[in-house]
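# Working through the structure, step by step
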Amino acid sequence: MDQRDEQEFAEYFVARREAVRRTAYLLCGDWHRADDFAQTAFVAVHRKWRKIRDKQALDAYVRRTLVRAVIDESRRPWRRERFVDEIPETPSSDGEVGDAVATRDTLMKGLRRVPPRQRAVLVLRFLEGLDVATAAEVLGCSEGTVKSQTARGLEALREALGDAIDDLRPAS
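To keep things clear, this report deals only with the structure shown in the data block. (Residues numbered from 1 in each chain as written. Predicted model: local features only at pLDDT ≥ 70, side-chain atom pairs only at ≥ 80, totals over all residues. Heavy atoms only, no water.)

## Examining the overall build of the chain
For clarity, the threshold we go by: Counting from the N terminus, the helices are the DSSP runs of H or I reaching at least four residues and the strands are the DSSP runs of E reaching at least two. A simple rule labels every residue: compare its accessible area, found with a 1.4 Å probe on the protein chains alone, to the largest value its type can have, and call it buried under 20%, exposed over 50%, or partly exposed in between. What makes two residues a contact is simply this: any of their non-hydrogen atoms within 4.5 Å. Methods summary: accessible areas were calculated by the Shrake-Rupley approach with a probe of 1.4 Å, and residue burial reflects only the protein chains presented.
For the chain, the count of helices and strands is seven helices and zero strands. Ordered by position in the sequence, the α and β elements of the chain form the string α-α-α-α-α-α-α. Here the chain, with 172 residues, has 34% of them falling under the buried criterion. Long-range contacts, defined here as pairs at least 24 residues apart, represent 64% of the contacts in the chain between residues at least 6 apart. Looking at the chain as shown, the accessible area adds up to about 11,400 Å², and 47% of this sits on carbon and sulfur atoms.

Pasting the structure below:
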C-alpha cells in the first residue's frame, strides 16, 4: 500500500475502532475476544483496502467480516462454552449497582445463551439498529432468514432470561 492508502486506512480505523469493538462485544460477550474479533475484521479490511472501490460500503464489509468471524469461532469445538450449575465467581450484590447496569448484565448473560447465528441477528437488528434488508446483506442470507432467525432468537432470549426482564415477554 502506498502512503495515501495507509493514511486513509488509519483514519478509518481510528474513526470506527470503538464501534466495531462494541459490536464484537455484543456478539461474543467478552471484551478480550471482542478485541480479537475486531482486529480480525480490520486486518481483513487492510488486506483488501486497495481493491475496495466503494469506501461508503466499508462499514458493511467490516460488520460482515466481524459477524462471520464470531460465528466461525463458535463452531470450533475447543472454544465451545460449557454451562455449569454453579458459577465459580459470584459478583458482590451490595445494592449499589444501578438498574441499568443490572439490566445490561442480565441481557448480556441471556445473549450468551442464544445460538451464535440468532445472536448475530439480534445484535444487528436491535442493538446496531439495522433493518431487515441490511442485516440480510451483512449476514449473506435472505430477508426471510433474518426474520425467522429474529423470531427464534427472541424466543431463545426470552427462555434464557425467564422472568428477569418482563418487557421482553409478548403482551397476550
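## Overview of a positive patch on the surface
Heads up, the condition is: Here, patches come from residues exposed beyond 30% relative accessible area and free of salt bridges, joined within 9 Å for like charges and within 5 Å for nonpolar side chains (Val, Leu, Ile, Met, Phe, Trp, Tyr). Whenever a carboxyl oxygen of Asp or Glu lies within 4 Å of a side-chain nitrogen of Lys or Arg, that contact is scored as a salt bridge. Two residue types count as positive, namely Lys and Arg, and two as negative, namely Asp and Glu; His and chain ends fall outside the count. Charge positions are represented by NZ for Lys, CZ for Arg, CG for Asp and CD for Glu.
A cluster of basic residues, Arg 47, Lys 48, Arg 50 and Lys 51, forms a positive patch at the surface. Relative to the elements of secondary structure, Arg 50 occurs in the loop between helix H2 (31-48) and helix H3 (58-75). Judged by relative accessible area, Arg 50 falls into the exposed class, the value being 64%.

## Some details on the nonpolar core
How we decide: Here, the term nonpolar core denotes a set of buried Ala, Val, Leu, Ile, Met, Phe, Trp, Tyr and Cys residues that are joined through side-chain atoms within 4.5 Å.
Within the largest apolar cluster, 42 residues are counted, with the highest numbers of intra-cluster contacts made by Val 67, Leu 139 and Val 146. For this core, the elements supplying multiple residues, two or more each, are helix H1 (3-28), H2, H3, helix H4 (99-112), helix H5 (116-127), helix H6 (132-139) and helix H7 (143-161). With eight residues, the single largest contributor to this core is H1. For Val 146, the residues in contact, after removing those within four places along its chain, are Val 121, Arg 125, Val 132, Ala 135, Ala 136, Leu 139 and Cys 141.

## Re the packing of aromatic side chains
Aromatic ring pairs are described here by two measures, namely the spacing of the ring centres and the angle between the planes. The condition that has to hold: In summary, the pairing rule links any two rings of Phe, Tyr or Trp, Trp by its six-membered ring, whose centres are within 6.5 Å, and it sorts them by plane angle into stacked for under 30 degrees, edge-to-face for over 60 and tilted for everything else.
In total, this model carries six aromatic pairs according to the counting rule given. Both rings, one in Phe 9 and one in Phe 13, keep their centres 6.4 Å apart while their planes meet at 25°; by these two values the pair is stacked. Pair noted here: Phe 9 and Phe 13 are both in helix H1, with a separation of four residues, about one helical turn. On the basis of relative accessibility, which here comes to 11%, the residue Phe 9 falls in the buried class. A centroid spacing of 4.8 Å and a plane angle of 80° characterise the contact between Phe 13 and Phe 42, whose relative ring orientation is edge-to-face.

None of the figures reported here should be taken as evidence of function without further support.
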